[in-house]
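Chain and residue survey
Below are the chains, spelled out letter by letter.
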Amino acid sequence: MSDDPLKIGIAGLGTVGAATLGFLVNENARIAARAGRALRVDAIVARDRAKDRGVDTSGLRWFDDPVALAADPGIDLYVELMGGADGVAKASVEAALAAGKPVVTANKALLAHHGGALAELAERTPGASLHYEAAVAGGIPAVKALREGMAGNGITRVSGILNGTCNYILTEMEETGAAFDGVLLEAQKLGYAEADPTADVGGFDAAHKLAIMAAIAFGRQMAFDDVQIEGIENVAAEDIIAARDMGYRIRLLGVAERTDEGVSQRLRPCMTPIDSPLGKITGVTNAVMLEGDAIGATILTGPGAGGGPTASAVLADIIDVARGNCPPTFGIATNDLVPVTSSGAPLRDEGAFYLRVTLKDQPGTLAEVATALGRSGVSIHRMRQHDHKNDIAPVTIVTHRCDLADITAAKERIETLSVCTAPPVSMRIVES
Ligand SMILES: NC(=O)c1ccc[n+]([C@@H]2O[C@H](COP(=O)([O-])OP(=O)(O)OC[C@H]3O[C@@H](n4cnc5c(N)ncnc54)[C@H](OP(=O)(O)O)[C@@H]3O)[C@@H](O)[C@H]2O)c1
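Reading guide: rules and limits
Residues numbered from 1 in each chain as written. Predicted model: local features only at pLDDT ≥ 70, side-chain atom pairs only at ≥ 80, totals over all residues. Heavy atoms only, no water. Axes fitted to C-alpha atoms, helices over the stretch in contact; angles between N-to-C directions. Helix = DSSP H or I, 4+ residues; strand = E, 2+ residues; numbered from the N terminus. Parallel < 35°, antiparallel > 145°, perpendicular 65-115°, else oblique. Left-handed = near helix turned anticlockwise from the far one by under 90°. Contact = heavy atoms within 4.5 Å. Near = heavy atom within 4 Å. Polar contact = N/O pair within 3.5 Å; in protein donor to acceptor, adjacent residues only side chain to side chain. Areas by Shrake-Rupley, 256 points an atom, 1.4 Å probe, with all protein chains shown as cover. 1 Å grid on protein atoms, 1.4 Å probe; cavity = no way out; pocket = protein on both sides within 12 Å on 5 of 7 lines; lining within 4 Å. Sits in = over half its atoms within 2 Å of the grid points. Pairing = 2+ DSSP bridges.

Some remarks on the packing of helix α7 (residues 164-176) against helix α8 (residues 180-189)
Between α7 and α8, the least distance of the axes is 9 Å, while the angle of their chain directions is 120°. Taken as axis vectors, α7 and α8 run oblique relative to one another. Between α7 and α8 the crossing geometry is right-handed. Residue-level inspection shows Tyr168, Ile169, Glu172, Met173 and Thr176 of α7 in contact with α8, the latter providing Phe180, Val183, Leu184 and Ala187.

Quick word on the site of the ligand
Within the structure, the ligand sits among 22 residues, and Leu13, Val16, Asp48, Arg53 and Gly306 are positioned closest to it. Residue lysine 51 places a side-chain N or O atom 3.1 Å away from an oxygen atom belonging to the ligand. Within the side chain of arginine 53, an N or O atom sits 2.7 Å from an oxygen atom of the ligand. Against a free-state accessible area of 900 Å², the protein chains account for coverage of 77% of the ligand. Here the ligand occupies the largest pocket.

With respect to the sheet that holds strand β5 (residues 102-105)
Strand-to-strand pairing in sheets goes through backbone hydrogen bonds, with the strands running parallel or antiparallel. Judged by pairing direction, the sheet is parallel, and its six strands sit side by side in the order β3-β2-β1-β4-β5-β6 without closing on themselves. Every other strand in the sheet has two partners, leaving β3 (61-63) and β6 (129-131) as the edge strands with one partner each. Between one strand axis and the next, the sheet turns through 25° on average, direction left out of account. With three bridges joining them, strand β2 (residues 37-45) and β3 adopt parallel strand pairing.

This is the structure:
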């Protein structure tokens, strides 16, 4: 083992940073043996110097400015664990890369928004490299699985449950029958959801991870703006019940796949069979399913967040840097990444769909809905009218295979019917 220590600077000592520091201090000999090189945390930065981090930080150099730490000649590796797509996280990562240092980060927002430019900077600066295992599904080694383990495959599809908060809320809604708002409030009290839950329940956090995986999987430039995002805020208790009655669960699924028209990236609530690999995932657990021409399919499940699990991924990257294992950021030289060009036209999205319409309970209403569906090119596989209340009858429909554009047209037609009392709701049914 080399005695020349890798001198590490850590920016951010919150949930992930403090856990990472704790392992590097308390388990140093074991981790260094794996790295084949002595590892020494040399300097740290956070906002509040007085805060107890649960680890002895007295021997470490303290910085007030992350950018100064990143560029400091005394450190060999900059570990960014502050968060945020812009601001000091971006500025400090750029400073470290520009100074020819490897960077390890858990920051999915930074990668999804600026990953392309940062990868180019890393590539053209001798000594620099960018590592981000923790940015995708926390402790699950999804980046390494895709970029290294499946490097020989033509990847056809990457999908997963990429946000534990949303999966917890959907699981609780299913188990308790409670509505979204009440379950979210409970999740906030238990610390499973942030005070501002938008990034999680709005689907943005999971979309960041999906965009990163899609860039690696399909060897193309980062295209976060191409991800079609729909969160779980509008999932109603009656949709959860209808799903269960039909043998499905509602899950917030990220799916990136290669189609004849290009790569599609969609993040939205879907119905998936209860006994399917992704349908079985409950609570805060994350899952990533990777499909390739050689391997078929493989699935990784585990904790997608939390100090320990996320530190596990950060440590793996630190060990890679110590070993000198620095692959291209997205697995391919940036010049060879496929440029993202969009015609603006939405890609086809074919499959079965669930549709819930709310109708006046009067004769002939179902015929009007069936006509609207038929005119839109949508045929009915099964239909169920639920108990009516106050002369309003909810009807749930499962369609035969059709395109999302047809469903959208059908919903617009149905909404204009005088018998329709609320905007129709639809959801894609995914069979795997
Ligand atoms: N938490 C998870 O489970 C998880 C999972 C996967 C990925 N991540 C990613 O990991 C990163 C860190 O997340 P976290 O949950 O550990 O965040 P956190 O608990 O909020 O910690 C953020 C840390 O950054 C420091 N910080 C923030 N702004 C700063 C500034 N301007 N200058 C210096 N220090 C600053 C804070 O200092 P103070 O402590 O002094 O306020 C704090 O120590 C994020 O990119 C996040 O997306 C987190």
